[in-house]
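# Structure at a glance
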Amino acid sequence: GGGFGGKETRTVFISSAAAFAAHRLGRPVRINLDRDVDMWITGTRHPFLGRYRAAADRQGKLKALDLQLYCNAGYSLDLSEPVLGRAIFHK
């Protein structure tokens, strides 16, 4: 997780391989990835495009905001909906 994006769903094929091997061998199995491979597979961010118009009064206080926020979910929805919700509503 952290600054490189969540790893909730993108590790399924790695964890599935480890689970299958552990089941077949009847013992724990560990899979280690080089850091660059791990980042290539799991460490992505959702690309966003934001377009906005803002209006303020003479004192500089924000009075209006028209915001269009586009999130590129790629070929599958994955966690894009919660990421977009957080981008809109997180303080």
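Analysis parameters
- Residues numbered from 1 in each chain as written.
- Predicted model: local features only at pLDDT ≥ 70, side-chain atom pairs only at ≥ 80, totals over all residues.
- Heavy atoms only, no water.
- Helix = DSSP H or I, 4+ residues; strand = E, 2+ residues; numbered from the N terminus.
- Buried < 20%, exposed > 50% of the residue type's maximum accessible area, 1.4 Å probe, protein only.
- Salt bridge = Lys/Arg side-chain N within 4 Å of Asp/Glu carboxyl O.
- pLDDT = per-residue confidence, 0-100.
- Pairing = 2+ DSSP bridges.
- Expected span 1.5 Å × (residues − 1).

### Topic: the overall build of the chain
Each helix and strand in the chain was counted, giving 3 helices and 2 strands. Considering the chain as a whole, with its 91 residues, one finds that 9% of them fall into the buried category.

### Quick look at the pattern of salt bridges
Scanning the entire structure with this criterion turns up 2 salt bridges. Measuring nitrogen to oxygen at the nearest pair gives 3.9 Å for the salt bridge that ties lysine 63 to aspartate 57. Aspartate 57 sits in the partly exposed class, given a relative accessible area of 25%.

### Side note on the confidence of the model for the chain
A residue-level look at the chain finds 88% of positions with pLDDT of 70 or above and a mean pLDDT of 84. The spread of mean pLDDT over the elements of the chain runs between helix 2 (residues 35-42), the lowest at 78, and strand 1 (residues 48-56), the highest at 95.

### Topic: the environment of lysine 63
Along the chain, lysine 63 turns up in strand 2 (residues 62-71). Given a relative accessible area of 55%, lysine 63 falls into the exposed group.

### Quick word on the pairing of strand 1
In terms of burial, strand 1 is largely open, as just 0 of its 9 residues are buried. Where strand 1 meets strand 2, 9 bridges bridge the pair, whose relative direction is antiparallel. Note on strand 2: the bridge partner recorded for glycine 50 is leucine 69. Between strand 1 and strand 2, which pair antiparallel in sequence order, lie 5 residues; one of them, glycine 60, sits at a positive phi of approximately 90°.

### Thoughts on helix 1 (residues 12-25)
Over its 14 residues, helix 1 runs 20 Å from end to end, which matches the ideal 20 Å to within 8%, given 1.5 Å per residue. Immediately downstream of helix 1, the backbone of glycine 26 shows phi near 70°, a positive value.

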